[in-house]
Amino acid sequence: MIRFILLQNRQGKTRLAKYYVPLEESEKHKVEYEVHRLVVNRDAKFTNFVEFRTHKVIYRRYAGLFFSVCVDITDNELAYLESIHLFVEILDHFFSNVCELDLVFNFHKVYLILDEFILAGELQETSKRAIIERMSELEKLE
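Model, not experiment: these values are computed from the prediction. (Residues numbered from 1 in each chain as written. Predicted model: local features only at pLDDT ≥ 70, side-chain atom pairs only at ≥ 80, totals over all residues. Heavy atoms only, no water.)

To continue, consider the side chain of Lys56. By the secondary structure assignment, Lys56 is in strand β4 (residues 55-62). Taking the relative accessible area as the measure of exposure, Lys56 reaches 7% and is therefore buried. Within the local environment of Lys56, its side chain forms a polar contact with the backbone oxygen of Ile73, the two atoms lying 2.8 Å apart. Discounting residues that sit within four places of it in the chain, Lys56 has contacts with Val50, Glu51, Val69, Cys70, Val71, Asp72, Ile73, Thr74, Asp75 and Glu77. (Helix = DSSP H or I, 4+ residues; strand = E, 2+ residues; numbered from the N terminus. Buried < 20%, exposed > 50% of the residue type's maximum accessible area, 1.4 Å probe, protein only. Polar contact = N/O pair within 3.5 Å; in protein donor to acceptor, adjacent residues only side chain to side chain. Contact = heavy atoms within 4.5 Å.)

Structural data, given as structure tokens:
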């Protein structure tokens, strides 16, 4: 199960945070700070999986953004690494070459894409075409 998803820039500014477990606001800020310190200082030759408390953080860096997913220790790392890549591909398709400013100014659409993709901490849809078609339908309604 996914515990939380974080999108952070190199400076540690959180651009998107979605929690699937209840945490106090102070604990959320502490987690965001710790995860950023953990992933930004790791050498590129190490794996993209790292133990975090009693869970695992799977992360991937795209340009200046770190996409981090915290999952149970027994979950499959490669599946979540692929899901991060799929999420970035969908964002890239939806925003036509996505950048950090797209995430900042269109955060509601990013959350909508994430909700189409992940439900209650579990991967719901893994088809890029199905998610993009659903997003196109929702865009027509606006």
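Under the UniProt annotation, the feature "domain: AP complex mu/sigma subunit" (unreviewed entry) is placed at residues 1-141. In residues 1-141, the share of helix is 47% and the share of strand is 27%. The end C-alpha atoms are 32 Å apart. (UniProt positions renumbered as here; feature names shortened; annotations may be inferred.)

As a further point, take the sheet that holds strand β2 (residues 14-19). Within the open sheet, the five strands sit side by side as β2-β1-β5-β4-β3. Their pairing is antiparallel. Each having just a single partner strand, β2 and β3 (49-52) make up the two edges of the open sheet. Here the average twist between neighbouring strands, direction ignored, is 20°. Packed onto the sheet, helix α1 (residues 25-40) meets β1 (2-9), β2, β3, β4 and β5 (65-72) and runs at close to 65° relative to β1. Contacting β1, β3, β4 and β5, helix α2 (residues 77-95) crosses the sheet at an angle of about 35° to β4. (Pairing = 2+ DSSP bridges. Axes fitted to C-alpha atoms, helices over the stretch in contact; angles between N-to-C directions.)

Next up on the list: the pattern of salt bridges. Here the structure, examined in full by the defined rule, presents ten salt bridges. Between Glu100 and Arg15 there is a salt bridge, with its nearest N and O atoms 2.7 Å apart. You can see Glu100 sitting in helix α3 (residues 100-105) and its partner Arg15 sitting in strand β2, a full 85 residues away along the chain. The exposure class assigned to Glu100 is partly exposed, which follows from its relative accessible area of 24%. For Arg15, a relative accessible area of 26% corresponds to the partly exposed category. A single salt-bridge network, built from bridges that share partners, covers Glu27, Glu34 and Arg53. (Salt bridge = Lys/Arg side-chain N within 4 Å of Asp/Glu carboxyl O.)

Our focus in this paragraph is the environment of Ile73. Note on placement: Ile73 falls in the loop between β5 and α2. Separated by 16 residues in sequence, Ile73 and Val57 place their C-alpha atoms 9.0 Å apart. Discounting residues that sit within four places of it in the chain, Ile73 has contacts with Glu51, Thr54, His55 and Lys56.

Once that is clear, we can look at the environment of Asp102. Relative to the elements of secondary structure, Asp102 occurs in helix α3. Counting along the chain gives 40 residues from Asp102 to Tyr62, while the straight-line C-alpha distance between them is 14 Å. Contacts of Asp102, omitting those with residues within four sequence positions, involve Phe95, Asn97 and Phe107. Engagement of the side chain of Asp102 in a polar contact is seen with the backbone nitrogen of Cys99, the distance being 3.0 Å.

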